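Okay, here's what each chain looks like letter by letter:
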Amino acid sequence: MKSICVFCGSSFGSNPIYTHAARDVGHMIAERGITLVYGGAKVGLMGTVADAALDAGGEVIGVLPISLQEKELAHEGLSELHVVGSMHERKALMAERSDAFLALPGGAGTLEELFEVWTWGQLGLHRKPCGFLNTGGFYDKLLSFLDFQTEEGFMKPVMRSMVRAADTPADLLAMFESYQPPATPKWIKKDET
């Protein structure tokens, strides 16, 4: 695993533990010699995780849509900053440059980003691990809902097992390192998309 994409909030949230978790993730990624790929902004948890990785001597790649660069949200101290034309291009480039996907606490955008790459994995478009850092139980209710979806027959257990969750960055990275994707994707092959 040479790079990890981190999805997270552009705000800090109401509990300081989220900022601490973002800092811990950035440090741990850099200290392991892994490149951080993220959304390229300087604000909220996004800025915190990037700054922490940079402070620990890590390489940080940001991918930012031009519309957000125009709002002066770009982090200017990154190893690389790619400015792209749309949110779709952003997610595609982040996925291309990453070997795993980690969601810190965040809002709708964070969820959408992780759910999209998880879905791509279900469809067999990649074989990369995805997971939630469940800081302070932030994702407990969501994880329960995902289990409920499975119980109600809307998701196969093997597909549910593709997205991991852990309370600490070290535990989540250990899950990523041992991740084995399902042998058979859900329905389609990459050339059928």
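That block above? That's the structure.
To start, this report covers the structure provided alongside it. Small disclaimer: the values here were computed from a predicted structure and weren't measured. (Residues numbered from 1 in each chain as written. Predicted model: local features only at pLDDT ≥ 70, side-chain atom pairs only at ≥ 80, totals over all residues. Heavy atoms only, no water.)

1. Section: the overall build of the chain
Part 1 of the reasoning: The helix and strand tally for the chain stands at eight helices and seven strands.
Part 2 of the reasoning: The C-alpha atoms of the chain give 16 Å as radius of gyration, which agrees with the globular expectation for 193 residues (16 Å, within 12%).
Part 3 of the reasoning: For the chain, the spread of C-alpha atoms along the principal axes amounts to about 45 × 40 × 30 Å.
Part 4 of the reasoning: Counting only residues that meet the buried cut, the chain has 47% of its 193 residues in that class.
Part 5 of the reasoning: The contacts of the chain with a sequence gap of at least 6 include a subset with a gap of at least 24, amounting to 69%.
Part 6 of the reasoning: Put simply, the chain shows about 9500 Å² of open surface, and 53% of that area lies on carbon and sulfur atoms. (Helix = DSSP H or I, 4+ residues; strand = E, 2+ residues; numbered from the N terminus. Rg over C-alpha atoms; globule rule 2.2 N^0.38 Å. Buried < 20%, exposed > 50% of the residue type's maximum accessible area, 1.4 Å probe, protein only. Contact = heavy atoms within 4.5 Å. Areas by Shrake-Rupley, 256 points an atom, 1.4 Å probe, with all protein chains shown as cover.)

2. Things to note about the nonpolar core
Part 1 of the reasoning: Ranked by internal contacts, the top residues of the largest apolar core, which has 31 residues, are I4, V6, V25, L36, V49, L102 and L104.
Part 2 of the reasoning: For this core, the elements supplying multiple residues, two or more each, are strand 1 (3-7), helix 1 (16-31), strand 2 (35-38), helix 2 (44-55), strand 3 (60-65) and helix 8 (169-177).
Part 3 of the reasoning: Here this core gets seven residues from one element, more than from any other, and that element is helix 1. (Core = buried A, V, L, I, M, F, W, Y, C linked by side-chain atoms within 4.5 Å.)

3. Some thoughts on helix 1
Part 1 of the reasoning: When the terminal C-alpha atoms of helix 1 are compared, their 23 Å separation across 16 residues agrees well with the 22 Å that a helix rising 1.5 Å per residue should span.
Part 2 of the reasoning: Every buried residue belonging to helix 1 is among Y18, T19, A21, A22, V25, G26, M28, I29 and A30, and all of these are buried.
Part 3 of the reasoning: Considering only its buried residues, helix 1 is in contact with strand 1, strand 2, helix 2, strand 5 (101-103), strand 6 (130-133) and helix 8.
Part 4 of the reasoning: Positive backbone phi, at 75°, marks G33, one or two positions downstream of helix 1. (Expected span 1.5 Å × (residues − 1).)

4. Here we look at helix 8
Part 1 of the reasoning: Among the residues of helix 8, those classed as buried are P169, L172, L173 and F176. The buried residues of helix 8 occupy an angular sector of 100° when projected down its axis, which confines them to one face.
Part 2 of the reasoning: Looking at the buried side of helix 8, the elements it contacts are strand 1, helix 1, strand 5, strand 6 and strand 7 (163-166). (Arc of directions from axis to C-beta.)

5. Describing the sheet that holds strand 1
Part 1 of the reasoning: What the seven strands build is an open sheet, ordered 4-3-2-1-5-6-7; its pairing is parallel. Each edge of the open sheet is held by one strand with a lone partner, namely strand 4 (80-84) and strand 7. Across the sheet, the mean angle separating the axes of adjacent strands is 25° when strand polarity is ignored.
Part 2 of the reasoning: Alignment of strand 2 against strand 3, held across three bridges, turns out to be parallel. (Pairing = 2+ DSSP bridges. Axes fitted to C-alpha atoms, helices over the stretch in contact; angles between N-to-C directions.)

6. Digging into the pairing of strand 1
Part 1 of the reasoning: The buried fraction of strand 1 is high, at five of five residues.
Part 2 of the reasoning: Because side chains alternate across strand 1, one face comprises the buried residues S3, C5 and F7, and the other comprises I4 and V6, equally buried.
Part 3 of the reasoning: Across three bridges, strand 1 lies against strand 2 in parallel orientation. Residue I4 lies in a different strand from strand 2, and its bridge partner there is L36.
Part 4 of the reasoning: The parallel pair strand 1 and strand 2, bridged by helix 1, forms a crossover whose chirality is right-handed.
Part 5 of the reasoning: Sheet analysis places strand 1 next to strand 5, joined by three bridges and oriented parallel. Within the sheet, the bridge partner assigned to F7 lies in strand 5 and is A103. (Right-handed = clockwise from strand over helix to strand, strands pointing away.)

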